[in-house]
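Architecture at a glance
The lines below spell out each chain.
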Amino acid sequence: MSKNSALLDIAAAQEWKRENPELHRERIVKQAIADAAAERPISVHSYIVRIREKDRVNRHGQPVKVNDHFGPVWGRELWRDYPELRKWLRIRRAEELDEIYGIRSDHFGIVEGVANG
């Protein structure tokens, strides 16, 4: 992934959040907090899959479309904004995104390409 591609993914993920604030808050942020409280791994990708399965329309009545590229962005936003979730957060290394979000590989252990907070 190039830095330009990473920036485009970030912009698209942020635009989706602006268009779907309730879905993002309920299905991504609150679910991550609940999973951490229950000592379960946080998987943003699984949250995206659930949005596709359960939330077929957004607040404007339009079909919900969630790009898989949003997962790495939202995972890093959770890592940045909710340090208490890091122990349970699973994110794959993505050098360009990690650089943009200020995440270094020594901030977490890497196990089979998955970062543990």
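Located above this text is the structure these notes cover.
So, here's what we can say about the structure. (Residues numbered from 1 in each chain as written. Predicted model: local features only at pLDDT ≥ 70, side-chain atom pairs only at ≥ 80, totals over all residues. Heavy atoms only, no water.)

1. Quick look at the pattern of salt bridges
Think of it this way: side chains of opposite charge can pair up when their charged atoms draw near. The criterion, for reference: By salt bridge we mean one thing: a side-chain nitrogen of Lys or Arg within 4 Å of a carboxyl oxygen of Asp or Glu. Helix and strand assignments come from DSSP, with helices taken as H or I runs of at least 4 residues and strands as E runs of at least 2, each series counted from the N terminus. Burial classes: relative accessible area under 20% of the type maximum marks a residue as buried, over 50% as exposed, and values in between as partly exposed (1.4 Å probe, protein chains only).
Counted under the stated rule, the structure contains eight salt bridges. Two residues, K3 and E99, come together in a salt bridge whose shortest N-O distance is 3.4 Å. Residue K3 is located in helix α1 (residues 3-19), and its partner E99 is located in helix α5 (residues 95-101); the two are separated by 96 residues in the primary sequence. Classification of E99 by relative accessible area gives exposed; the value is 51%.

2. Comments concerning helix α3 (residues 44-54)
Stated precisely, the cut-off is as follows: Arc definition: it is the arc formed by the directions from the helix axis to the C-beta atoms. Any pair of residues with heavy atoms lying within 4.5 Å of one another is described as a contacting pair.
Residues V44, Y47, I48 and I51 constitute the buried set of α3. Across the axial projection of α3, the buried residues extend over an arc of 100°, all falling on one side. Lining the buried residues of α3 we find α1, α2 (21-37) and α4 (70-81).

3. Re α4
For clarity, the threshold we go by: Helix span, expected: 1.5 Å multiplied by one less than the number of residues in the helix.
Taking 1.5 Å as the rise per residue, α4 with 12 residues should run 16 Å; its terminal C-alpha atoms sit 16 Å apart, in good agreement. For α4, the buried fraction is high: nine of the 12 residues fall into the buried class. Taken residue by residue, α4 has F70, G71, V73, W74, G75, R76, E77, L78 and W79 as its buried positions. On its buried face, α4 is in contact with α1, α2, α3, β1 (90-92) and α5.

4. Here's the deal with the packing of aromatic side chains
We describe a pair of aromatic rings using the distance from one ring centre to the other and the angle between the two ring planes. Filter applied, for reference: Any pair of Phe, Tyr and Trp rings, taking the six-membered ring for Trp, is counted once the centres come within 6.5 Å. Such a pair is stacked with planes under 30 degrees apart, edge-to-face with planes over 60 apart, and tilted for the rest.
Tallying each qualifying case throughout the model produces two aromatic pairs. Each ring, one from F70 and one from W74, has its centre 5.3 Å from the other, and the planes form 55°; the classification is tilted. Within this pair, F70 and its partner W74 are both found in helix α4, separated by four residues, close to a single helical turn. Taken as a pair, F70 and W74 share a single burial class, namely buried. These aromatic residues form a ring-pair network of at least three members: W16, F70 and W74.

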